[in-house]
Each structure stands twice: as structure tokens, then as C-alpha cells.
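Observations on the model geometry
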Amino acid sequence: MSSSDIFIGETIGTAILILLGGGVCAAVTLKASKARNAGWLAITFGWGFAVLTAVYTSAPLSGAHLNPAVTLALALKKKGIDWDQVPVYWGGQMLGAMIGAALVWVAYYGQFRAHLTDREIVGEPAEAARTKSVEARETAAGPVLGIFSTGPEIRNAVQNTATEVIGTIVLVLAVLTQGLNGEGKGLGTLGALITALVVVSIGLSLGGPTGYAINPARDLGPRIVHALLPLPNKGGSDWSYAWVPVVGPLIGAAIAAGIYNVAFA
């Protein structure tokens, strides 16, 4: 795979991943959406199908890593990808994540405006202008940040990081042991389905504490977009938490690669 193929494939694939994954979060969250309050099952399966679609689309070009943690693990894996390819993968993943998040805003533009100008959501106009929202004042996270990025139910940096590490270990071990293509440097056809189902399982079993980022680009790229978008009364982007869904998955990926190299390679 050439560097251009890798970058284009990861950009397209990650954009689709975030468009569909963030899209299901928007559908469940926003007040004027037909899927409002559809619940956690809708979100977990929506993200699983997002992974499936994104992998099948991008695998022929880049091997469909779509996740800096997966890329790191494949660089650490015996006979994995070359280290000079890692920045190309990461660059495409970050750009794709930001494009996907922006497309969610476009697709739900009217719903975002209706939600963020609703007095039940942001309070009275005078209060909203002063505090942006009750949630923004209390947690530094605005009322629609969950559409873009993850956040903890209980804010404890050690536990939150550990949760992301554990979830990412499960994901990466499944990718390395079952999901890779014949060359062992990306996801294969069957691997796409396996990985999608693993993501659903992680969401159902381990997603409750932090919202299961398990992917630094999936969280950081959309968080940047949230900070930049002209959303009324959007509140904060919770930058004090932003390091957890970046550092946790990268640590988890390194541990998973180590386990794989010792036990399976």
C-alpha cells in the first residue's frame, strides 16, 4: 500500500465511522430527532454497524485500521506495519474523524439549533447567555458534547483511564488474533464483521463508565470540531478530560500487542 492509498483510505473510512457513529448519538440525543431517547442499545449497535461499514469501505485501500490504537498495535506486532507508516495512518484517521464529525453537524443542523435553543435544555435566555448550560457549568461539558466525544459518568482519572485501557485491550486482541487479513497488516473481510461485533460487545459490557472511546481519533477529532463549530449555547468541550480517551487506548494497544507477541506470535 502506498502512503497516498493509506491516507485516503483512512480518511474516508474514519469519516464514515464517525459520521455513522456520531450520527446515532445525535439521533438518540437531539430533541427534534425521530430516534430521541432510543437508548444505549441503539448507540452500541449503531457504532458496531458504523465500524462494519467503514471497514468494508476502506479495507481495499488502507487495511482499515481507523484507530490510532490499532495502528500502534500493528506497528508493535511482530512482522507488522513499518513505523514510518504510522504518522500517515494517524494523519488520515484524525482528518477523517474531524470530517465525519462536521458531517454529523450538517446532517442534523436543524436539530442542533432546535435542541440548543430549547429552554428545557439550556435554561432561560439570560441564564444560558451567562452559563451556557447547567451541564457546562457543572462538568465543563456542553449539552451536545456527548454526540462528538466521550465523557465519564463518575469522574475519576485512574478508573476512567483503566476502563479505556481494558476496553482497548479487548478490541486490539480480537483484531490481532481473529480479524487480520492474510498479510496481517489490516482487517480482512471476515475481520470486519468480527471487529464490529466486538465493538458492540465492548459497548454493552464496558461502555457504561466512560462511553468507550477505545480510539483516540474517534474522541479527539470530534472534540476539536465541537470546539470550533458555531453551535449556540454549546458549552465547554471538557478539555480537562480529553487526555483520558487518548492515553488510555494507546496504553491498552501497547499492552495488547505485548500479550499477542508473547502468547500468539
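Residues numbered from 1 in each chain as written. Predicted model: local features only at pLDDT ≥ 70, side-chain atom pairs only at ≥ 80, totals over all residues. Heavy atoms only, no water.

Counting secondary structure elements, the chain contains 13 helices and zero strands. Moving toward the C terminus, one meets the helices and strands of the chain in the order α-α-α-α-α-α-α-α-α-α-α-α-α. The C-alpha atoms of the chain give 18 Å as radius of gyration, which agrees with the globular expectation for 265 residues (18 Å, within 12%). Principal axes of the C-alpha set define a box for the chain whose edges measure 60 × 35 × 30 Å. Here the analysis covers contacts within the chain between residues at least 6 apart in sequence; of these, 78% occur between residues at least 24 apart. In the form shown here, the chain has an accessible surface area of approximately 11100 Å², with 65% of it arising from carbon and sulfur atoms. In the chain, 16 side chains carry a positive charge and 15 a negative one; their mean positions are 2 Å apart. (Helix = DSSP H or I, 4+ residues; strand = E, 2+ residues; numbered from the N terminus. Rg over C-alpha atoms; globule rule 2.2 N^0.38 Å. Contact = heavy atoms within 4.5 Å. Areas by Shrake-Rupley, 256 points an atom, 1.4 Å probe, with all protein chains shown as cover. Lys, Arg positive; Asp, Glu negative; His and termini not counted. Charge placed at Lys NZ, Arg CZ, Asp CG, Glu CD.)

Here we come to unusual backbone geometry. A positive phi is found at leucine 66, a non-glycine position, where the angle reads about 60°. Mapped onto the elements of the fold, leucine 66 is located in the loop between α2 (40-62) and α3 (68-76). You will see that isoleucine 214, though not glycine, has its phi angle at about 45°, which is positive. Examined against the element boundaries, isoleucine 214 turns out to sit in the loop between α11 (189-206) and α12 (216-228).

To continue, consider the environment of alanine 73. Of note, alanine 73 is situated in helix α3. Under the relative-accessibility criterion, alanine 73 is labelled buried at 0%. Along the backbone, alanine 73 and threonine 57 are 16 residues apart, and their C-alpha atoms lie at a distance of 22 Å. Dropping the residues within four chain positions of it, alanine 73 is found in contact with Val172, Leu176, Ala253 and Ala257. (Buried < 20%, exposed > 50% of the residue type's maximum accessible area, 1.4 Å probe, protein only.)

Note on placement: threonine 161 falls in helix α10 (residues 157-179). Owing to a relative accessible area of 12%, threonine 161 belongs among the buried residues under this scheme.

Bringing the environment of phenylalanine 45 into the picture now. Structurally, the position occupied by phenylalanine 45 is in helix α2. Judged by relative accessible area, which is 37%, phenylalanine 45 ranks as partly exposed. Sequence separation of phenylalanine 45 and alanine 69 is 24 residues, and the distance between their C-alpha atoms is 21 Å.

Between its first and last C-alpha, α10 extends 31 Å over 23 residues, near the 33 Å set by a 1.5 Å rise per residue. At the N-terminal end of α10, a side-chain oxygen is found 3.2 Å from the backbone nitrogen of valine 158, two or three residues along, and the residue is asparagine 156. (Expected span 1.5 Å × (residues − 1). Polar contact = N/O pair within 3.5 Å; in protein donor to acceptor, adjacent residues only side chain to side chain.)

Everything listed is a geometric property; what it means functionally is a separate question.
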